[in-house]
Amino acid sequence: MRIVRDVGHAEELAQDALVAALEQWPQSGIPDNPGAWLMATAKHRAIDLLRRNKRLERKHEELGREIEAQQEMAVADLEAALDDTVGDDLLRLVFIACHPVLTSEARLALTLRLLGGLTTDEIARAFLVPEATVAQRIVRAKRTLAEARVPFEIPRGDELASRLSSVLEVLYLIFNEGYTATAGDDWMRPALCEEALRLGRILAGLTPKEPEVHGLVALMEIQASRAGARTGPSGEPILLLDQNRARWDQLLIHRGLAGLERAQKLGGALGPYTLQAAIAACHARARTAGETDWPHIVALYEALAQLAPSPIVELNRAVAVAMAFGPSAGLTIVDGLTSEPSLKAYHLLPSVRGDLLRKLGRFAEARAEFERAAALTRNARERDLMLERARTCADGSSAPQTA
């Protein structure tokens, strides 16, 4: 990408090198340094491409000697360019794949394609869209980057902050889709969580002084630690307060808490991802659901609402308030969100309201809310869960309270 300045051409050169390896290595054997062999092969093909372009340019006299000299310089600088650290190049590629000039959907698809190594078919299945749709998003993303002449460099200053925010948003969206799938037959898609976490760890290693990078990785580590306890034998959801905490991955929790500590030690006000990691840490530190420090979680949500206000943050705060100060206090907040346009089709609003109404003994109203939540969700597992909770309200029996 750094050499040819075009994502599409760079991908083709890399694929050509892999094809050459598949053809030659069975006979010649795998080289001592496979990565260097692949890079050298791709480099030679890139030089051939530059030379072909140079010959075409020579046919256009109006371009003159200046263009010819530039092309000669590009070939001459090739070796030096390839000596740059791989880490710097990878970081540049991360910023390109998540460039704000692209739509959110395009950033997700291109990041998973270029950095996650997923095929278009795998990406399509992950997000339950046709493969042709994903392929078109990737093609348009490459074309958009080329037309925008996005430089292969790490942004600086204010641009770095805005671009880094875009990168973190993409990783956050990928992880969340894996953690709780918006649609389909499975409640979780672990491969997406793993890819987001892997890319986040790489980014944290490449940007060690960015607290929000460490905050997001900490959040993902802690959330991922619950994966083994979030589903039952048949894939059915098990909500947070009902989970067997002995099944939580202590290594991931340890890594997440360490990442949170790194983010906090870097100083400055805590960002939205670090605050969410701190909330997740409250759950991770509680040996039982009853030991959860809900008042502290309420305070953290209040800080998050001040920093990044949104109806979803407010809904989450309502759950924490209900756990800390009673269902009536939480219901007051939730009732204030029922007219929020952005939550009109959000299934977790009636789900949370149903929980609180059930706790208050208003079972008929709770049942209606759970049924409405079931009608809104596109995930089959969540739909079954909501309908089961609606059934429990028929006889006033108990049900899990929070996801």
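Just above sits the structure.
Keep in mind the model is a prediction, meaning the values are calculated, not measured.

**Student:** Looking at this model, I keep getting lost on the overall build of the protein. Mind explaining?
**Tutor:** Scanning the protein for helices and strands turns up 19 helices and two strands. Looking at the protein as a whole, 44% of its 403 residues qualify as buried. Partitioning the intrachain contacts of the protein with sequence separation of at least 6 by distance along the chain shows that 62% fall at a separation of at least 24.

**Student:** Could you clarify how one ought to interpret empty space enclosed by the protein in this entry?
**Tutor:** Sizing a probe to match a water molecule and rolling it over the atoms shows the empty space that remains. Scanning all chains against the criterion turns up one cavity of 30 Å³ or more. Within this model, the largest cavity holds a volume of roughly 40 Å³. Forming the boundary of the largest cavity are Val94, Cys98, Thr111, Leu115, Val167, Leu171, Leu199 and Leu203. Contributing elements (two or more residues each) for the lining of the largest cavity: helix H9 (157–179) and helix H10 (190–206). Within the lining of the largest cavity, the residues separate by chemical class into seven nonpolar, one polar and no charged.

**Student:** Explain helix H14 (residues 294–307) here, please?
**Tutor:** With 14 residues, H14 ought to run about 20 Å at 1.5 Å a step, and its terminal C-alpha atoms sit 20 Å apart, in line with that. Listing the buried residues of H14 in full gives Trp294, Ile297, Val298, Leu300, Tyr301, Leu304 and Ala305. With its buried residues spanning 165° around the axis, H14 presents them on a single face. Here the buried face of H14 lies against helix H13 (272–285) and helix H15 (311–325).

**Student:** Whenever I open this one, the environment of Gly205 confuses me. Can you help?
**Tutor:** By the element assignment, Gly205 lies in helix H10. For Gly205, a relative accessible area of 59% translates into the label exposed. The spatial distance from the C-alpha of Gly205 to the C-alpha of Leu91 is 10.0 Å, given a sequence separation of 114 residues.

**Student:** Looking at this model, I keep getting lost on the layout of surface pockets. Mind explaining?
**Tutor:** Put simply, the second largest pocket is a space of about 1,100 Å³. Lining the second largest pocket are 32 residues, and of these Met1, Ala10, Ala14, Met39 and Leu93 lie nearest its centre. Looking at the lining of the second largest pocket, the elements that each hand over two or more residues are helix H1 (7–28), helix H2 (34–58), helix H5 (86–97), helix H6 (104–114) and H10. Examining the composition of the lining of the second largest pocket, we find that eight residues originate from one element, H1, more than from any other.

**Student:** I would appreciate a short explanation of helix H12 (residues 250–265) in the present structure.
**Tutor:** Because each turn of an α-helix spans 3.6 residues, side chains separated by three or four positions in sequence point in the same direction. Look at H12: 22 Å from first C-alpha to last across 16 residues, which is about the 22 Å you get at 1.5 Å a residue. Turning to H12, its buried residues are Leu252, Ile253, Gly256, Gly259, Leu260 and Ala263. The arc that holds every buried residue of H12, seen down its axis, measures 125°, which confines them to one face. Exposed residues lying more than 90 degrees from the buried face of H12 are Gln250, Leu251, His254 and Lys265. For H12, the capping residue at the N-terminal end is Asp249, with a side-chain oxygen 3.0 Å from the backbone nitrogen of Leu251. Following H12 by one or two positions, Gly267 has its phi on the positive side, about 85°.

**Student:** For this particular structure, what's the right way to read the pattern of salt bridges?
**Tutor:** Charged atoms that come close allow side chains of opposite charge to pair. Under the criterion given, the structure shown has 17 salt bridges. Between Arg317 and Glu314 there is a salt bridge, with the nearest N and O atoms lying 2.6 Å from each other. Of this pair, Arg317 and Glu314 both sit in helix H15, three residues apart, roughly one helical turn. For Arg317, a relative accessible area of 16% puts it in the buried group. Among the residues examined, Glu314 registers a relative accessible area of 22% and is labelled partly exposed. Two residues, Arg353 and Asp335, come together in a salt bridge whose shortest N-O distance is 2.8 Å. Remark: Asp335 occurs in helix H16 (residues 327–335) and Arg353 occurs in helix H17 (residues 348–359); sequence separation between them is 18 residues. A relative accessible area of 15% places Arg353 in the buried class.

**Student:** I tried to follow unusual backbone geometry on my own but got confused; where do I start?
**Tutor:** A negative phi holds for most residues other than glycine; trans holds for most peptide bonds. At Arg149, a position not held by glycine, the phi torsion is positive, near 50°. Its place among the elements puts Arg149 in the loop between helix H8 (131–147) and H9.

**Student:** Explain the packing of H15 against H16 here, please?
**Tutor:** Helices that pack against each other are described as a pair by the angle of their axes relative to one another and the distance between those axes. Contact pair H15 / H16: the axes reach a minimum separation of 6 Å and the direction vectors enclose 165°. The orientation of H15 relative to H16 falls into the category roughly antiparallel. Once H15 is placed against H16, the crossing between them reads as right-handed. Here Glu314, Leu315, Arg317, Ala318, Val321, Ala322 and Phe325 of H15 come into contact with H16, specifically with Pro327, Ala329, Gly330, Ile333 and Val334. Residue composition of the contact of H15 with H16, grouped by class: nine nonpolar, one polar and two charged.

**Student:** Please clarify how the environment of Arg391 should be interpreted in this entry.
**Tutor:** For Arg391, the location among the structural elements is in helix H19 (residues 380–394). On the accessibility criterion, Arg391 (47% relative accessible area) is partly exposed. As for Arg391 and Arg367, which are separated by 24 residues in sequence, their C-alpha atoms are 7.2 Å apart.

Rules used in this analysis
Residues numbered from 1 in each chain as written. Predicted model: local features only at pLDDT ≥ 70, side-chain atom pairs only at ≥ 80, totals over all residues. Heavy atoms only, no water. Helix = DSSP H or I, 4+ residues; strand = E, 2+ residues; numbered from the N terminus. Buried < 20%, exposed > 50% of the residue type's maximum accessible area, 1.4 Å probe, protein only. Contact = heavy atoms within 4.5 Å. 1 Å grid on protein atoms, 1.4 Å probe; cavity = no way out; pocket = protein on both sides within 12 Å on 5 of 7 lines; lining within 4 Å. Points joined across faces, edges and corners; volume = space filled by probe spheres on them. Nonpolar A, V, L, I, M, F, W, Y, C, P; charged D, E, K, R; others polar. Expected span 1.5 Å × (residues − 1). Arc of directions from axis to C-beta. Polar contact = N/O pair within 3.5 Å; in protein donor to acceptor, adjacent residues only side chain to side chain. Salt bridge = Lys/Arg side-chain N within 4 Å of Asp/Glu carboxyl O. Axes fitted to C-alpha atoms, helices over the stretch in contact; angles between N-to-C directions. Parallel < 35°, antiparallel > 145°, perpendicular 65-115°, else oblique. Left-handed = near helix turned anticlockwise from the far one by under 90°.

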